[in-house]
Amino acid sequence: MTELYIPEGSKFVGQTIMQSTVEDKDLNVLTLYRDGKVFPNPRRERVLEAGDKLLCYGKLEAMRDMIPARTQRKRRPKVQELDTAITSTNSH
């Protein structure tokens, strides 16, 4: 189970839940969150809008396929250089 966010410019904006390949991937949309409103068991004909969140149930691999490639990349922590003056004074 996971929550999928539909951002502005997503290929899913303007598509119905049925068209968005959610049905093809054997994912069940349990809840649609839009503008502070909750739609449990939304109709398959409901058109998705930017900012929608879908609570989906299904196989994790199928849900990962719905995430754009640039969002899927792993976020690496920023490495900071150590101040050598601090480390040399503490080593004595």
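Residues numbered from 1 in each chain as written. Predicted model: local features only at pLDDT ≥ 70, side-chain atom pairs only at ≥ 80, totals over all residues. Heavy atoms only, no water.

Caption draft 1: Looking closely at the sheet that holds strand S1 (residues 2-5). Pairing is antiparallel across the open sheet formed by four strands, whose spatial order is S1-S4-S2-S3. Every other strand in the sheet has two partners, leaving S1 and strand S3 (37-40) as the edge strands with one partner each. Neighbour-to-neighbour, the strand axes of this sheet turn through a mean angle of 25 degrees, independent of strand direction. Of the strand pairs in this sheet, strand S2 (residues 28-34) and strand S4 (residues 53-57) are connected by five bridges, and their pairing is antiparallel. Within the sheet, the bridge partner assigned to Thr 31 lies in S4 and is Leu 55. (Pairing = 2+ DSSP bridges. Helix = DSSP H or I, 4+ residues; strand = E, 2+ residues; numbered from the N terminus. Axes fitted to C-alpha atoms, helices over the stretch in contact; angles between N-to-C directions.)

Caption draft 2: Broad picture of the environment of Ile 6. Relative to the elements of secondary structure, Ile 6 occurs in the loop between S1 and S2. Using a relative accessible area of 3% as the deciding quantity, one classes Ile 6 as buried. Residues Ile 6 and Glu 49, 43 residues apart in the sequence, show an inter-C-alpha distance of 7.2 Å. In contact with Ile 6, not counting residues within four places along its chain, are Phe 12, Val 13, Glu 49, Ala 50, Gly 51, Asp 52 and Leu 54. (Buried < 20%, exposed > 50% of the residue type's maximum accessible area, 1.4 Å probe, protein only. Contact = heavy atoms within 4.5 Å.)

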